[in-house]
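Observations on the three-dimensional arrangement
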Protein chains: 2
Amino acid sequence: MATESKTEDAKPAIHYPKLGICLLVGLILWLTPAPQLPAGLALTEGADFAAGWKVFAVFAATILCFILRPINMGPAVLLALVILAATGTLGATGKESFQAAMAGYGNTTVWLVVGAFLIAGAMIRTGLGHRIALNCVSKFGKTTLGLGYATAAAEFILGPAIPSNTARGGGVMAPIVNSLSRTLGSTPESHPKRAGEYLMLNGSHLNLVTAAMFLTGMAANGLVVEMASKTGEGIEFGWMTWLKGSIVPGLASLLFLPWFLFKLLKPELHDTQAAQKEANQQLSKRGNWSIGEKIMLSVFVLMLVLWATGKVHGMHTGVVALIGVMILVLTGTEKWEDITGNKEAWDAMVWLGGMVCMAGLLKEYGFIEWFAETMKGEVYGMGALATGLTLALIYFYSMYGFSMLTGHITAMVAAFLALAISAEVPAMLMVALLAYFSNLCGCLTNYSSGPVVIYSGLGYVPVARWFKIGFLVSLFHLVVWLGVGLPYWKLLGWW
Amino acid sequence: MATESKTEDAKPAIHYPKLGICLLVGLILWLTPAPQLPAGLALTEGADFAAGWKVFAVFAATILCFILRPINMGPAVLLALVILAATGTLGATGKESFQAAMAGYGNTTVWLVVGAFLIAGAMIRTGLGHRIALNCVSKFGKTTLGLGYATAAAEFILGPAIPSNTARGGGVMAPIVNSLSRTLGSTPESHPKRAGEYLMLNGSHLNLVTAAMFLTGMAANGLVVEMASKTGEGIEFGWMTWLKGSIVPGLASLLFLPWFLFKLLKPELHDTQAAQKEANQQLSKRGNWSIGEKIMLSVFVLMLVLWATGKVHGMHTGVVALIGVMILVLTGTEKWEDITGNKEAWDAMVWLGGMVCMAGLLKEYGFIEWFAETMKGEVYGMGALATGLTLALIYFYSMYGFSMLTGHITAMVAAFLALAISAEVPAMLMVALLAYFSNLCGCLTNYSSGPVVIYSGLGYVPVARWFKIGFLVSLFHLVVWLGVGLPYWKLLGWW
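Here the structure is a predicted model, which means the values were calculated and not measured.

Of regular secondary structure, chain A possesses 23 helices and zero strands. Taken over the C-alpha trace, chain A has a radius of gyration of 23 Å; the compact-globule value for 495 residues is 23 Å, and the two agree within 12%. Expressed along its principal axes, the backbone C-alpha trace of chain A runs to roughly 70 × 50 × 50 Å. Looking at the 495 residues of chain A, the share that counts as buried comes to 62%. Contacts spanning at least 24 positions in sequence make up 81% of the contacts within chain A whose residues lie at least 6 apart. Of the roughly 17000 Å² of accessible surface on chain A, a fraction of 65% belongs to carbon and sulfur atoms. Here chain A holds 30 positive side-chain charges and 26 negative ones, and the gap between their average locations is 11 Å.

Another point: the environment of Ile295(B). All names here are of chain B. The topology assignment puts Ile-295 in helix α13 (residues 291-308). Sequence separation between Ile-295 and Thr-333 is 38 residues, and the spatial gap between their C-alpha atoms is 7.4 Å. The contact partners of Ile-295, leaving out residues within four places of it in the chain, are Leu-328, Thr-331 and Thr-333.

As a packed pair, helix α3 (residues 73-86) of chain A and helix α15 (residues 317-330) of chain B sit with axes 10 Å apart at the nearest point and diverge in direction by 140 degrees. α3(A) and α15(B) meet at a crossing whose hand is left-handed. Here Pro75(A), Leu78(A), Leu79(A), Val82(A), Ala85(A) and Ala86(A) of α3(A) come into contact with α15(B), specifically with Val319(B), Leu322(B), Ile323(B), Met326(B), Val329(B) and Leu330(B). In terms of residue class, the contact of α3(A) with α15(B) is made up of 12 nonpolar, no polar and no charged.

Residue and element names in this part refer to chain A. Mean pLDDT over chain A works out to 89, with 98% of the residues at or above the 70 mark. This stretch, residues 1-11, has a pLDDT under 50; its non-local contacts, to residues over four places away or in other chains, come to 47 contacts. In the predicted assembly, ipTM is 0.85 and pTM is 0.86.

Facing the 45 residues of chain A at the interface are 45 residues of chain B. Carbon and sulfur atoms make up 76% of the surface buried where chain A meets chain B, a total of about 4300 Å² over both sides. Among the residues chain A hides against chain B, the three largest losses belong to Phe98(A), Leu330(A) and Trp336(A). Together they make up 16% of the total. Remark: the boundary between chain A and chain B carries four salt bridges. With a closest N to O distance of 3.6 Å, Lys95(B) and Glu236(A) form a salt bridge. Within the residue set of the side of chain A that touches chain B, elements represented by two or more residues are α1 (16-31), α3, α4 (94-102), α5 (108-125), α15 (317-330), α16 (336-340) and α17 (343-364) of chain A.

All right, on to the relation of the copies chain A and chain B then. Overlaying chain A on chain B yields an RMSD of 0.0 Å, the required transformation being a rotation through 180 degrees with an accompanying axial translation of 0.0 Å. On this basis, the relationship between the two copies can be described by a two-fold rotation axis.

Let us now look at the packing of aromatic side chains. A complete count under the given rule lists 51 aromatic pairs over all chains for this structure. Each ring, one from Tyr395(A) and one from Phe416(A), has its centre 6.2 Å from the other, and the planes form 50 degrees; the classification is tilted. Within this pair, whereas Tyr395(A) is found in helix α19 (residues 384-397), its partner Phe416(A) is found in helix α20 (residues 405-422), the two being separated by 21 residues in sequence. Here the aromatic residues Tyr105(A), Trp111(A), Trp346(A), Tyr105(B), Trp111(B) and Trp346(B) are joined through ring pairs into a cluster of three or more. Directly above the aromatic system of Trp495(A) lies the positively charged group of Lys490(A), at a separation of 4.4 Å from the ring centroid.

With that settled, the discussion passes to unusual backbone geometry. Residues and elements named next belong to chain A. The phi dihedral of His-191 falls on the positive side, at around 55 degrees, and the residue is not glycine. Mapped onto the fold, His-191 is located in the loop between α8 (165-183) and α9 (196-213). Phi is positive for Glu-424, close to 65 degrees, though the residue is something other than glycine. Relative to the elements of secondary structure, Glu-424 occurs in the loop between α20 and α21 (427-440). Residue Glu-424 is classed as exposed on the basis of its relative accessible area, which comes to 66%.

Now for the environment of Leu206(A). Residues and elements named next belong to chain A. Within the secondary structure, Leu-206 sits in helix α9. For Leu-206, a relative accessible area of 0% puts it in the buried group. Distance from Leu-206 to Arg-182, taken between C-alpha atoms, is 20 Å for residues 24 residues apart in sequence. Contacts of Leu-206, omitting those with residues within four sequence positions, involve Gly-148, Thr-151, Ala-152, Leu-254, Leu-257 and Pro-258.

The next thing to look at is a nonpolar patch on the surface. Taken together, the side chains of Leu24(A), Leu27(A), Ile28(A) and Leu31(A) present a nonpolar region at the surface, about 420 Å² in accessible area. Of note, Leu24(A) is situated in helix α1.

All names here are of chain B. Compared with an ideal rise of 1.5 Å per residue, which puts 14 residues at 20 Å, helix α12 (residues 273-286) spans 20 Å between its outermost C-alpha atoms and is within 8% of the ideal. Within α12, burial applies to Ala-275, Gln-276, Ala-279, Gln-282 and Leu-283. Buried residues in α12, looked at end-on, bunch into an arc of 125 degrees, giving them a common side. Summarising the geometry of α12, the exposed residues directed more than 90 degrees from the buried face are Lys-277, Ser-284 and Lys-285. At the C-terminal side of α12, Gly-287 shows a positive phi close to 75 degrees.

Residue and element names in this part refer to chain A. Burial in helix α22 (residues 450-457) covers these residues: Gly-450, Pro-451, Val-452, Tyr-455 and Ser-456. In this structure, the buried residues of α22 make contact with α8, α9 and α23 (463-491). Looking one or two residues past α22, Gly-459 carries a phi angle of roughly 90 degrees, positive in sign.

With that settled, the discussion passes to the packing of helix α7 (residues 144-158) of chain A against α9(A). All names here are of chain A. At a closest axis distance of 9 Å, the pairing of α7 and α9 adopts a crossing angle of 25 degrees. Taken as axis vectors, α7 and α9 run roughly parallel relative to one another. The crossing of α7 and α9 is right-handed. Facing α7, whose interface residues are Thr-144, Leu-145, Leu-147, Gly-148, Thr-151, Ala-152, Glu-155 and Phe-156, α9 presents Tyr-198, Leu-199, Asn-202, Gly-203, Leu-206, Asn-207, Thr-210 and Met-213. By residue class, the composition of the contact of α7 with α9 is eight nonpolar, seven polar and one charged.

Thresholds, definitions, all that
- Residues numbered from 1 in each chain as written.
- Chains lettered and ligands numbered in written order.
- Predicted model: local features only at pLDDT ≥ 70, side-chain atom pairs only at ≥ 80, totals over all residues.
- Heavy atoms only, no water.
- Helix = DSSP H or I, 4+ residues; strand = E, 2+ residues; numbered from the N terminus.
- Rg over C-alpha atoms; globule rule 2.2 N^0.38 Å.
- Buried < 20%, exposed > 50% of the residue type's maximum accessible area, 1.4 Å probe, protein only.
- Contact = heavy atoms within 4.5 Å.
- Areas by Shrake-Rupley, 256 points an atom, 1.4 Å probe, with all protein chains shown as cover.
- Lys, Arg positive; Asp, Glu negative; His and termini not counted.
- Charge placed at Lys NZ, Arg CZ, Asp CG, Glu CD.
- Axes fitted to C-alpha atoms, helices over the stretch in contact; angles between N-to-C directions.
- Left-handed = near helix turned anticlockwise from the far one by under 90°.
- Nonpolar A, V, L, I, M, F, W, Y, C, P; charged D, E, K, R; others polar.
- pLDDT = per-residue confidence, 0-100.
- Buried area = accessible area lost by both parts, 1.4 Å probe.
- Salt bridge = Lys/Arg side-chain N within 4 Å of Asp/Glu carboxyl O.
- Least-squares fit on C-alpha atoms with pLDDT ≥ 70 in both.
- Phe/Tyr/Trp six-rings, centres within 6.5 Å; stacked < 30°, edge-to-face > 60°.
- Lys NZ or Arg CZ within 6 Å of the ring centre and 35° of its normal.
- Patch = residues over 30% accessible without salt bridge, like charges linked within 9 Å, V, L, I, M, F, W, Y side chains within 5 Å.
- Expected span 1.5 Å × (residues − 1).
- Arc of directions from axis to C-beta.
- Parallel < 35°, antiparallel > 145°, perpendicular 65-115°, else oblique.

So, in structure tokens, the structure goes:
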């Protein structure tokens, strides 16, 4: 299990020239005087735009660090916070500045993600995730298309529980899909198009769909929620709201994407009973449900119920996740050592908490307002809906320029949201478009996200073909999420 | 390396009857109506005493959990926060309540301790801690008394860098002291009084002295600082202030305690050149300094300089610790994996952040004010200094009733501080007494803290003897820290 930061394993060493570039860019921006505020732009009272500009310098260097990857995300973010705190940028005293830099670690969304990572650890350790995936294959896996739907079903079930799409796709699903393909006599070396090519692309693209469907489907989704909450429009894009908006286009995607890819790729093999048999064998080898698996399943169901009934009991989704964690610990299903030793959870806490904090500061110090005001001329006069859709499309295809979903989200969402709102795009619509597109746009390249790297790294699909299919899938997503999504969100009153 | 929670290894399983008792006590307190506020006590505006009483119920159950230890500290504290958040005790909405429960994780003192734990990990991994200890023995270890002073020197040097006294005493010092004793032909089975008894008691009691001397000497010291900052007296008992108050009585302790114990225990052996030779051999086996050790030493020195010059550059001590961490990461001395995998750091973060939060809430909701007001009658009329000393002595010897330093601190410091201040005891004096006594009182039993358990667990000293010597050491501490400390603190203007 790892966060979305997929290059972690491949490049453990520090790349000093690239790190130097990031620091240099940050330094140049830092030393550049803050631009004049446009006449007529009144920032929130007390907003210190000069400090906001410095936060932007550090933020920009961090994003560049996400793109060039000289170091992991965690240390990059921590370094950014240390610089902001040490230079006294965020407060009158050293303590105030440090307090402001660390404030993100008390953030509720951050703890929702930490809680979900801790649940994910148990999901994998107890073996329940693996069993669910095998069961899906056993149920639907009689034909190649059936295997495609089995993957969709497994991804859909595991989506809400395993917040790292890398953990879900790369840790649980990809190994199963790969072994099934090999059972069917389709390997990268021999007959990849028999079944493997289809299964890999299907697995990879479905993973991004479930990442888009659930707030807890991908670690950085919480950033979108935080940025949405800071627009001043009073938007709470919580777990249920996120799902309410995604459920209809999301289910449509899960329903049609396996078929779409099947028609597109035309795998040679149709009868996959051998794979089904293999799954059944693995299941019987697993034997009866362990107590740990049963408790894990109960906790999972309880969490889903509590997440779905938030309006009744009023508990924050993060509290629900931590209730799940506490049940696992108090029943001995997870040891406390497993919790404190869950590196991925603490890694996610460090970078997400820091990014939430910086995103908040950019807003608080007026930088986002300034950006939106400055850019407003570019989008003015297009009409609200057209502006929103244009921004969403730019956002989607700008992913070609990024190496990872998280970097893309942190760099663009807050600014695009502010810009859209200043151009009177309905706020909920824009949040929804950015939220879902943040994950769907990962279809474009073979390096956008952890599971994509893993599936493509298995070697069944040449890179050029991955890009070509990826572009076609992007069109599929736009048709589904705009064709189905837009009318549906209209029904919900989101625009 | 582990936090002060020493029973962690011994009892990994959950003790359900004891857990039930803790929950039941909490529930009974929760359901008991909050007492009437005494006439004339006006709480801070907006303080909700009924909510404060519920926080107290959860807090009391947590402390009971620290004493009975059915589960580790981390899950106990997290459970407390989850209960407070889930019941909506801390805010009008579920989100507000959750935010308030998690606020401690953005606290500066908590991140100072996390940073110090991360430094400690590197100190041990690079081997620098071990080398420093061996060098002390090599320098001073010609006689038994010299070995005693070698331990004092090593503890003094490592004190500021290794915030867990268990890591410092149990992880670095105790194994070395034990192996020296065996080299001298003194084992628990054969001639324990030759040298071993003295070396063990000396090591254990010195460890508590250095824990008392540095804010970063013991993980829970940060709690005292936080509680002091919330008295409303504007007290910043930071890293340098802590050391300013402790340096004179602390050095006196380090100077006289080895001699005091030597006279008291009369070890049979005096010439310990064999041990010195052993240390030299181990040192030459270690060979030249590695680059990691050199960087670690530079970072350590840099941190000490920055901590000592806080007034000049204005950076918070926690920022300094994190600067150290970032240097270690960016030079590759520590891998990011070592940081996210530092279980002790995240364990400390979870429990310390939660306790800081609850302690703050007790204050904010008026519980501490109520307690101080209610108890004021008991101490009224004694005179300010007499009251302060009486409270300090009660605090010191009440450690007999606790199984761990952290539990003792969390249970008593905030209330005693408020009580003392309401009785007009000079606030700085009271903070100093409680801060230093919080660690020194660990001398009383053989189970008060991790390193004490480890040293006593080595088996050189029978329990009854440990208690007897411990009591005599407590008198030594009182003589030094009141005899030297009181006049010195008067000089500092603390009373």
